[in-house]
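Residues per chain are reported as follows:
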Amino acid sequence: MTDVNDVNDLNDGVRDRYDLAVIGAGPAGFAAAVTAADAGLAVVILDAGRAAGGQFYRQPAAALRAARPDRLHHGWRAYTAWTGRLAAHVAAGTINHLTDHHVWTVERLDADAADGRGLAGAGSATAETAASPGTLFAVHAVIGAGGATGRAVQASAVLLATGAYERQLPFPGWTLPGVVTAGGAQAQLKDSLVVPGRRVVVAGTGPLLLSVAASLALAGAKVPAVVEAADPLRYARHAKALALNPGKLIEGAGYAATLVRHGIPVRPRHVVVAAHGERRVEAVSIARTDRAGRPVPGRERMITCDALAVGYGLDAQLEIALELGCGTRREPDGGWVLTVDAQQRTGVPGVWAAGETTGVGGAQLALIEGELAAHSIAATLPAGGFAVRAAGASRPGRAMSQTAQPSAGDGGETGSADRVGPVAAAGRSVGSAARPGRKVAKLVRRRARLRAFADVLQQVHTLPERWSDNLRADTAVCRCEEVPYAAVRDAVTDLGATDSRSVKLLTRAGMGWCQGRMCGTAVQCLVGELTGGEAKAAPAARPLACPVPLGVLAEGAFAPAAPASGTSPAPAAAAPPHAERPADPPD
Amino acid sequence: MVGAACAYYAARAGLAVTVVDRGPVAGGTTGAGEGNLLVSDKEPGPELDLALRSAQLWEELAAEELPGGGTLGQVAEYEAKGGLVVAADPARLAALTAFAAGQTAAGVTARPVDGDGLRALEPHLARDQAGGVYYPQDAQVQPALAAAHLLRQARLAGAALRLGENVVGIDTDKEGRVAGVRTDRGRIAAPAVINAAGTWGGELAALAGVFLPVMPRRGFVLVTAPLPPLVRHKVYAADYVADVASDSADLQTSAVVEGTPSGPVLIGASRERVGYDRTLSVPVLRRLAAQAVALFPRLAEVPAMRAYRGFRPYMPDHLPAIGEDPRRPGLFHACGHEGAGIGLAPATGFFIAQQLVGEKPDFDLAPFRPDRFEADAAAGGGVPYGGSETGPDISPEIGPESRLDGGADR
Amino acid sequence: MTGTPRDLVAARPGPEFTVRVDGRPVPALPGQTLAAVLWAAGITAWRTSRVTGEPRGAFCGIGACFDCLITVNGVRDQRACLVRPEPGDEVRTRD
Ligand SMILES: Cc1cc2nc3c(=O)[nH]c(=O)nc-3n(C[C@H](O)[C@H](O)[C@H](O)COP(=O)(O)OP(=O)(O)OC[C@H]3O[C@@H](n4cnc5c(N)ncnc54)[C@H](O)[C@@H]3O)c2cc1C
Ligand SMILES: Cc1cc2nc3c(=O)[nH]c(=O)nc-3n(C[C@H](O)[C@H](O)[C@H](O)COP(=O)(O)OP(=O)(O)OC[C@H]3O[C@@H](n4cnc5c(N)ncnc54)[C@H](O)[C@@H]3O)c2cc1C
Ligand code: FES
């Protein structure tokens, strides 16, 4: 089993300190990293994936040697252009891209540096820290999924580009093997060239469904139906925002054309009310919904299938941001995202956010936000940043001026009007953030257009209002801890739970491996219904953004200034007891 | 937890009880801590006496049959699993054994265990430990479930429950006696008011015009992925801190490591005085992890799945306030239990109920007198309620920002 | 038009190898995730849930749901949708 090639090679040119740490290498993250490096900042990207791309631009593993990966992607040209620039920066040492790094928390050091709170990896930076005014963060990561090594890097600024995962709603049978998330089916297809079954029903709500159905069909799966909960007539109310985004419409039309070509019916105002099967899904029941979103009795139909790809929109991945204290807001479809200003700044000094973390809106919008964030960061950090540059690292600008220089404007099909030529980009690459004025203005306009479009999608593709009517007493709401609907109901009606957190404490819903990522939306809705009002809602805090082996955590526990990354010996057994407060009883 | 226990015993004593909480059930520290019911960690003195009494009451509560079937102990995941305190070397073992001898004299059952005995009790314990002491009276519950079901029992005995209702004032009559509470939804008249507001108990006391220095003390807990049984008891290390200069010999303990019925191992908890600072402390998590791995090396590969934090209600002398406040007749305090509120809740509720019905508690509550800090208040010294030594004072208003979230397993 | 994902992107993967799943050989392509390898072999369930003993496999496909946990070379609780097997890997489904 390999996770990545560099798992055990920790001396891979990682510096003590960077100007900017980008968390997540999806479109928002890589666009920001490249733009910031063009502006002369020393950048590190930490990403759980093994290649830049994130969820949308997921590419087949290199060893699969796909000659035409573009056939599974929209806007592939923009992607290759961006990743070409990324590669040039990586080669030049101006970006360090740490793949397969799972960030579990970001720690603020500036406030704490004074009282000597150390971190593994602080190394020699301490004196410098005290001397430099601005902000300082330590980004803590585990290398490899379930890996046994940790690493911490420091940076003056952090960009959160952690994207989203798919939102789910429970229904009877949703835990059957073969029931997968729509995005997950797409991800495994793009990544590993497999489909979850031969007959795959695609269901839920949102624009992702069409793209998933189209990909599955192109990849040879039979898609008996796309079951869409929303009413497409609702689009009519938003003609203006739609008209301003012809590119997005063309993208959608492209998927629709593929569906027509493959004879795939789309069933609007329908929901999957149950999945059936013994050891895996063998069929699903779908039902038409009335105006209230309630399945119409007697209008159910069975569709045989061996897989169901289902999703109800996206939820932003906010755990790192919430621990840093970033503010949140609620989107039209009920999801929580970060509040940012026009420059993509969160309320926390030194922390920027872009992409789905600030509002679900697709890859093009993510690219633009990433670029805008980078301009703001470059303008904020003192010229050249604080980072101690590796001597002689050449700027990649010249090498790159031969390649096409895309910008987010190129993110799609409409693109060429927004193209920024090599000159402008190379101008940035000499290290000044002072000149991007016009460019930024253009990006800002495009961002506004795309956001308006995203808003429309969200208003159309809300959760079906009466989805919970489908639940049976024994339907698992929480997959990990197998908490049935009846237990959630009793916790509210009988035991005094009034919010998601108290439901969790009393039922374990959301306490399992996924930490409520899969059941969070459902539990929140159910509490609202059962308490007969708006339950106190808040985004779920998850202090650890991903699992961390205790051995990795324990590293450096008693040796604050030890170098990062596993070089310090296992400290605990031999360590002197700390004397924080003698005679402390345990709890 | 403490409020639930008070309501339970008071309702059982035939009183008309209304429980008011601004949040949900177990929304305070009870939902953000662990559920160790320990006697092993307490030195002889009033807290240990209270803990012993409470341990007995927990046992009785656990056996109580529920109307829907099963016992309170079953639904609240009560486990009388026993605690094991481990000493790494002979010096620590000597200190621990001496400490345990004192506890035994005070009524604790403590059994010395040698190296082989340790392995028999905990097969996965680190090999190099010198010995330890086994405390069969140590037990555990899942605090949120315990509080919720105890409250449910109280309701079946006639208590009313009002959730999501914030107490904003305490009414008094002409003589200065308590007459009821004011909430954001109205008034509730009552001749007796119990302050079971935990970490916010000082603020509630202030509403009644009395000084009670309850302060927050932060704790983190680490929770691992669900595992097959690895840790059988509550296990923690006794470390011997020989401070040569002061010639004092303090026994220091590290995080308790314990398995849970649902699979995860809990490691906790840290103690810091940082006000209501919710910032995740990486050094603290590292230390908890290191202590656990030192005891159970196999845990090194086990992932911590989550961490949570809570703010213990602590008072300057680390003892809770229990009983009627002579400065404000009719006001009863039941708060400030610091890191032992789950363990001490039944005894607290039981004695409060005795006072409420006019019985003299069969226990000496003098060390827990709520007015014992009056001198500090008068001197203007001490620490202001709700504040902390090192952290910022919390805002006087009890807003959502001073709420806790996170979660708990135990 | 019924192709395969490989046809679609004109993939010419490196040589197939086998991993052992509970002792049984299962073909794999270099670079694929373990979940993909199992799906390709028609295996959709490889875990039993802890409470009710239901069969489970991959759900989210991106490492977020932890439903796809599996033991690889003796290391428990690996996410099949993220790990990429190598020749000779021993996979156990019930741990
Ligand atoms: C499963 C899935 C499939 C999707 N498929 C499509 C599609 O086919 N078409 C479409 O238009 N849109 C799709 N989307 C929507 C997609 O989210 C956006 O189009 C776009 O990718 C958003 O870009 P981003 O940069 O904000 O985030 P993402 O592209 O999601 O990138 C975020 C990156 O951050 C990494 N990350 C997150 N947390 C951490 C951490 N703690 N440590 C380290 N790294 C971390 C992730 O691994 C990921 O690489 C999909 C979304 C999901 C969840
Ligand atoms: C990390 C950690 C680990 C711990 N481990 C243990 C352990 O193992 N064993 C143990 O015994 N103890 C442990 N404790 C301590 C224990 O959790 C507390 O002592 C106990 O929960 C206190 O219970 P309480 O009922 O007094 O307070 P809380 O549970 O905080 O209840 C107080 C309630 O008062 C309400 N309230 C406050 N002000 C108002 C108002 N104005 N109006 C209305 N309602 C109000 C709050 O909403 C809250 O619900 C631990 C604590 C922490 C933080
Ligand atoms: S399928 Fe969700 S984590 Fe692997």
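Here is what the cut-offs are and how they apply
Residues numbered from 1 in each chain as written. Chains lettered and ligands numbered in written order. Predicted model: local features only at pLDDT ≥ 70, side-chain atom pairs only at ≥ 80, totals over all residues. Heavy atoms only, no water. Near = heavy atom within 4 Å. Polar contact = N/O pair within 3.5 Å; in protein donor to acceptor, adjacent residues only side chain to side chain. Areas by Shrake-Rupley, 256 points an atom, 1.4 Å probe, with all protein chains shown as cover. Nonpolar A, V, L, I, M, F, W, Y, C, P; charged D, E, K, R; others polar. Domains from an automatic or database assignment. Pairing = 2+ DSSP bridges. Helix = DSSP H or I, 4+ residues; strand = E, 2+ residues; numbered from the N terminus. Axes fitted to C-alpha atoms, helices over the stretch in contact; angles between N-to-C directions. Contact = heavy atoms within 4.5 Å. Buried area = accessible area lost by both parts, 1.4 Å probe. Salt bridge = Lys/Arg side-chain N within 4 Å of Asp/Glu carboxyl O. Bend = angle between axes of the 7 residues up to and from the residue. Buried < 20%, exposed > 50% of the residue type's maximum accessible area, 1.4 Å probe, protein only. Core = buried A, V, L, I, M, F, W, Y, C linked by side-chain atoms within 4.5 Å. pLDDT = per-residue confidence, 0-100. Phe/Tyr/Trp six-rings, centres within 6.5 Å; stacked < 30°, edge-to-face > 60°. Lys NZ or Arg CZ within 6 Å of the ring centre and 35° of its normal.

Undergrad: Honestly, the site of ligand 2 in this entry has me stumped. Any pointers?
TA: Residues in contact with ligand 2 amount to 35 residues; listed here are only the nearest, Asp-21, Thr-29, Thr-30, Asn-36 and Glu-338 of chain B. Taken together, the residues near ligand 2 originate from chains A and B. Met-1 of chain B places a polar main-chain atom, nitrogen or oxygen, 3.0 Å from an oxygen atom of ligand 2. In this structure, a nitrogen atom belonging to ligand 2 sits 3.1 Å away from a main-chain N or O atom of Gly-339 of chain B. Coverage of ligand 2 by the protein chains reaches 97% of its 1,000 Å² of free accessible surface.

Undergrad: Could you clarify how one ought to interpret the site of ligand 1 in this entry?
TA: The immediate surroundings of ligand 1 are formed by 32 residues, with Asp-47, Gln-55, Val-103, Gln-186 and Glu-356 of chain A found nearest. The local environment of ligand 1 is shared, drawing residues from chains A and C. At a separation of 2.7 Å, an oxygen atom of ligand 1 approaches a polar side-chain atom of Asp-47 of chain A. A distance of 2.8 Å is found between an oxygen atom of ligand 1 and a backbone nitrogen or oxygen belonging to Glu-356 of chain A. Its free accessible area being 960 Å², ligand 1 has 92% of it covered by the protein chains. When the residues that make up the shell around ligand 1 are grouped by side-chain class, the tally is 15 nonpolar, 14 polar and 3 charged. The residue makeup of the shell around ligand 1 includes at least three contributed by each of domain 1 (4-165 + 315-457) and domain 2 (170-311) of chain A.

Undergrad: Can you help me understand the sheet that holds strand β8 (residues 167-172) of chain B in this one?
TA: The strands making up a sheet are joined through hydrogen bonds of the backbone, oriented either antiparallel or parallel. All names here are of chain B. The antiparallel open sheet is built from 3 strands, whose spatial order is β8-β9-β10. The sheet is open, and its two edges are formed by β8 and β10 (186-189), each paired on a single side. For this sheet the average axis-to-axis angle between neighbouring strands, irrespective of direction, equals 25°. In this sheet, β10 lies alongside strand β9 (residues 178-183) in antiparallel orientation, the contact comprising 4 bridges. Bridged to Gly-180 within β10 is Ala-189.

Undergrad: Which parts of the structure should I look at to understand the interface of chain A and chain C?
TA: Frequently, the measure chosen for interface size is the accessible area removed from exposure when the parts meet. In this assembly, 54 residues from chain A lie in contact with 56 residues from chain C. Of the roughly 4,700 Å² buried between chain A and chain C on both sides combined, carbon and sulfur atoms contribute 59%. On inspection of chain A and its partner chain C, the count reaches 3 salt bridges. Residue Asp-67 of chain C is joined to Arg-479 of chain A by a salt bridge in which the shortest nitrogen-to-oxygen separation is 2.7 Å. Where chain A meets chain C, there are 22 residue pairs in polar contact (both at pLDDT 80 or more). At the level of elements, β7 (164-166), β8 (179-181) and α4 (182-192) of chain A are the ones that each hand at least two residues to the side of chain A that touches chain C. Per element, the largest residue contribution to the side of chain A that touches chain C is 6 residues, and it comes from α4 of chain A. Residues that form the side of chain A that touches chain C fall into these classes: 28 nonpolar, 13 polar and 13 charged.

Undergrad: Can you walk me through helix α9 (residues 341-356) of chain B in this structure?
TA: All names here are of chain B. For α9, the principal kink sits at Ala-347 and spans about 25°. Summarising burial for α9: 13 of the 16 residues are buried, a large majority. A positive backbone phi angle near 85° is found at Gly-358, which sits one or two residues after α9.

Undergrad: I keep staring at the pattern of salt bridges and nothing clicks. Help me out?
TA: Between side chains of opposite charge, a pair can form as their charged atoms come close. Per the counting criterion, the structure on display carries 41 salt bridges over all chains. As a salt-bridge pair, Arg-167 of chain A and Asp-315 of chain A come within 3.0 Å of each other at their nearest N and O atoms. In this pair, Arg-167 of chain A is assigned in the loop between β7 and β8 and Asp-315 of chain A in strand β16 (residues 314-316), connecting sequence segments 148 residues apart. In this structure, Arg-167 of chain A and Asp-315 of chain A share a single accessibility class: buried. The residue Arg-56 of chain C makes a salt bridge to Asp-67 of chain C at a minimum N-O spacing of 3.0 Å. Here Asp-67 of chain C lies in the loop between β4 (55-56) and β5 (69-72) and Arg-56 of chain C lies in strand β4, a separation of 11 residues in the sequence. For Asp-67 of chain C, a relative accessible area of 1% puts it in the buried group. Ionic contacts of the salt-bridge type, sharing partners, join the residues Arg-479 of chain A together with Arg-47, Glu-54, Arg-56 and Asp-67 of chain C into one network.

Undergrad: Whenever I open this one, the sheet that holds strand β6 (residues 75-79) of chain C confuses me. Can you help?
TA: Residue and element names in this part refer to chain C. What the 5 strands build is an open sheet, ordered β2-β1-β7-β5-β6; its pairing is mixed. Sheet topology places β2 (24-28) and β6 at the edges, where each strand pairs with a single neighbour. Here the average twist between neighbouring strands, direction ignored, is 40°. Bridge count between β5 and strand β7 (residues 90-92): 2 bridges; the pairing is antiparallel. Residue pairing in the sheet places Val-72 in a bridge with Val-91 of β7.

Undergrad: Hey, could you run me through the environment of Glu-282 of chain A in this one?
TA: All names here are of chain A. Locating Glu-282 in the fold gives a position in the loop between β12 (270-276) and β13 (283-289). Residue Glu-282 is classed as partly exposed on the basis of its relative accessible area of 46%. The spatial distance from the C-alpha of Glu-282 to the C-alpha of Val-22 is 43 Å, given a sequence separation of 260 residues. If we skip the residues at most four places from it in the chain, Glu-282 touches His-276, Gly-277, Thr-304 and Cys-305.

Undergrad: Looking at this structure, how should I read the pairing of strand β16 (residues 265-268) of chain B?
TA: Consecutive side chains of a regular strand alternate in pointing toward one face of the sheet and then the other. All names here are of chain B. On β16, burial covers both faces: Val-265 and Ile-267 on one face and Leu-266 and Gly-268 on the other are all buried. The pairing of strand β15 (residues 256-259) with β16 spans 4 bridges and is classified as antiparallel. Among the inter-strand pairings, Val-256 is bridged to a residue of β16, identified as Gly-268. Between β15 and β16, which follow one another and run antiparallel, lie 5 residues, and Gly-263 among them has a positive phi close to 115°.

Undergrad: How should the nonpolar core be read in this particular structure?
TA: Where a protein is soluble and globular, its nonpolar side chains tend to be buried together. Counting residues in hydrophobic clusters, the biggest one holds 128 residues, and the most contacted among them are Val-179, Val-284 and Leu-308 of chain A together with Trp-58 of chain B. Sorting elements by how many residues they give to this core places helix α1 (residues 2-12) of chain B first, with 9 residues. Aside from chain neighbours lying at most four places away, what touches Val-284 of chain A is Val-201, Val-272, Ala-274, Ala-275, His-276, Arg-301, Met-302, Ile-303, Cys-305 and Leu-308 of chain A. Counting residues in hydrophobic clusters, the runner-up holds 53 residues, among them Val-226 of chain A together with Phe-17, Val-19 and Leu-34 of chain C.

Undergrad: Could you clarify how one ought to interpret the confidence of the model for chain B in this entry?
TA: In low-pLDDT segments, the atomic positions of the prediction should not be examined closely. All names here are of chain B. Averaged over every residue, the pLDDT of chain B is 87; the share at 70 or more is 88%. Segment residues 241-249: pLDDT under 50, and 7 contacts once partners within four positions in sequence are set aside and those in other chains are kept. For the stretch residues 381-410, pLDDT sits under 50, and the model shows 98 contacts to residues farther than four places along the chain or on other chains.

Undergrad: Looking at this model, I keep getting lost on the packing of aromatic side chains. Mind explaining?
TA: When we look at a pair of aromatic rings, we describe it by the centre distance and by the angle of the planes. In this structure the tally under the stated criterion is 14 aromatic pairs over all chains. Aromatic side chains Tyr-8 of chain B and Tyr-9 of chain B sit 4.9 Å apart centroid to centroid with 85° between the ring planes, which places their arrangement in the edge-to-face category. Given the relative accessible area of 12%, Tyr-9 of chain B is considered buried. Where Phe-351 of chain B meets Phe-363 of chain B, the ring centres are 4.9 Å apart and the plane angle is 20°; that geometry is what we call stacked. Here the residue Phe-351 of chain B occupies a position in helix α9, and Phe-363 of chain B occupies one in the loop between α9 and α10 (374-379), the gap between them amounting to 12 residues. Taking the ring centre of Trp-174 of chain A as reference, the NZ or CZ of Arg-479 of chain A above it sits at 4.8 Å. Seen from the ring of Phe-59 of chain C, Arg-479 of chain A lies directly overhead, with NZ or CZ sitting 3.6 Å from the centre.

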